[in-house]
Each structure stands twice: as C-alpha cells, then as structure tokens.
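A look at the structure
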Amino acid sequence: MSVKRMQSGPRMSGIVIHGNTVYLAGAVGANGSASMADQTQSCLDQIDERLALAGTDKSSVLACTIWITDMAEFAAMNAVWDAWIDPANPPARACVQTTALARPDLKVEIMATAAC
C-alpha cells in the first residue's frame, strides 16, 4: 500500500495518507499572543485546510489528541471545539495538560487522524 506525504519539510510532513487513513501533524495557533479560543480556532482552521487537501473533512475525523498548557482554559478551548465538531460524527478525543509546547507562547496543539 502506498504512502503519500504532503506539506513535507526536512523534519516532518503536515499530512500523511496511508490507505484510507489521513494522519495530520499537530496544529498550533498562528498567533502566540492570541487567547486560548483564538489559538484553538487557528488549530482547527489548519486541520480543516489539511483535511481538504487530503480530500476529506471534519465529518471523517476519527480521533484527535489535544494538548493544552493550562487546564484553567479547558472551557475556552472546549467552547471553540464544540462549535467546530460535526455533532453527527464526533471523533474519539483525548485532552491532556502539558507543561510546555514547542514555543512558550503556545497554549494548545491539536493532532488529528481521519478517514479518506
């Protein structure tokens, strides 16, 4: 079975398609000084863009892992998440607190796997 890589760089691919499964690299907020809600929306916008490039959409998301740096902002992240997910097809999800992400200004990172 072939593997297709998209948005590839020297360190990673943003999208990897294997068979009928799409694996997305973690998405982080475009603006590190933005609120948790805005960073979450930025992550989800990136996921939507990558899913479209892979020929699928959020209704086919199978699982997401979410890392946040402060559980006090869990509700703010969830408010944006709840507005984004396809309520007829919610994915499996894990959300964990981490002490740090790749940059100190980041508050959230989301990684998704979807069917295509």
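Throughout what follows, the structure given in this document is the object of discussion. It should be emphasised that the depicted structure is a prediction, and the values quoted were computed from it without experimental measurement. (Residues numbered from 1 in each chain as written. Predicted model: local features only at pLDDT ≥ 70, side-chain atom pairs only at ≥ 80, totals over all residues. Heavy atoms only, no water.)

With respect to the overall build of the protein
Looking only at helices and strands, the protein features two helices and seven strands. Listing the helices and strands of the protein from first to last along the sequence gives β-β-β-β-α-β-α-β-β. The globule rule puts the C-alpha radius of gyration for 116 residues at 13 Å, and the 14 Å found for the protein is close to it. When the backbone C-alpha atoms are referred to their principal axes, the protein occupies close to 45 × 35 × 20 Å. By the burial criterion, 39% of the 116 residues in the protein qualify as buried. Contacts spanning at least 24 positions in sequence make up 68% of the contacts within the protein whose residues lie at least 6 apart. Entry remark: accessible area of the protein is about 6,100 Å², with carbon and sulfur atoms responsible for 53%. Distance between charge centroids for the protein: 9 Å, based on 8 positive and 11 negative side chains. (Helix = DSSP H or I, 4+ residues; strand = E, 2+ residues; numbered from the N terminus. Rg over C-alpha atoms; globule rule 2.2 N^0.38 Å. Buried < 20%, exposed > 50% of the residue type's maximum accessible area, 1.4 Å probe, protein only. Contact = heavy atoms within 4.5 Å. Areas by Shrake-Rupley, 256 points an atom, 1.4 Å probe, with all protein chains shown as cover. Lys, Arg positive; Asp, Glu negative; His and termini not counted. Charge placed at Lys NZ, Arg CZ, Asp CG, Glu CD.)

Some remarks on the pattern of salt bridges
Summed over all chains, the structure comprises two salt bridges. Between E73 and K107 there is a salt bridge; the shortest N-O distance is 4.0 Å. Taken together, the residues span a long stretch of sequence, with E73 in the loop between β5 (61–68) and α2 (74–84) and K107 in the loop between β6 (92–97) and β7 (108–115) at a distance of 34 residues. A salt bridge links D105 to R103; its shortest N-O distance comes to 3.0 Å. Classification of R103 as partly exposed rests on a relative accessible area of 34%. (Salt bridge = Lys/Arg side-chain N within 4 Å of Asp/Glu carboxyl O.)

Topic: the packing of aromatic side chains
Per the counting criterion, the structure on display carries one aromatic pair. Measuring from centroid to centroid gives 5.4 Å for W81 and W84, while their planes differ by 50°, and the two rings are tilted. Of the two residues, W81 and W84 both sit in helix α2, three residues apart, roughly one turn of that helix. Each member of the pair, W81 as well as W84, carries the same accessibility label: buried. The residue whose ring lies beneath R93 is W81, and the NZ or CZ to ring-centre distance is 5.1 Å. (Phe/Tyr/Trp six-rings, centres within 6.5 Å; stacked < 30°, edge-to-face > 60°. Lys NZ or Arg CZ within 6 Å of the ring centre and 35° of its normal.)

Concerning helix α1 (residues 36–53)
When the terminal C-alpha atoms of α1 are compared, their 26 Å separation across 18 residues agrees well with the 26 Å that a helix rising 1.5 Å per residue should span. Taken together, the buried positions of α1 are M36, Q39, T40, S42, C43, L44, Q46, I47, R50 and L51. Immediately beyond the C-terminal end of α1, within one or two residues, lies G55, with a positive phi of roughly 85°. (Expected span 1.5 Å × (residues − 1).)

Thoughts on the packing of α1 against α2
At a minimum axis distance of 8 Å, the contact between α1 and α2 shows a crossing angle of 35°. The hand of the α1/α2 crossing is right-handed. Taking contact as the criterion, the partners of M36, A37, T40, Q41, L44, I47 and D48 in α1 are, on α2, A76, M77, V80, W81 and W84. Across the contact of α1 with α2, the residue classes break down as nine nonpolar, two polar and one charged. (Axes fitted to C-alpha atoms, helices over the stretch in contact; angles between N-to-C directions. Left-handed = near helix turned anticlockwise from the far one by under 90°. Nonpolar A, V, L, I, M, F, W, Y, C, P; charged D, E, K, R; others polar.)

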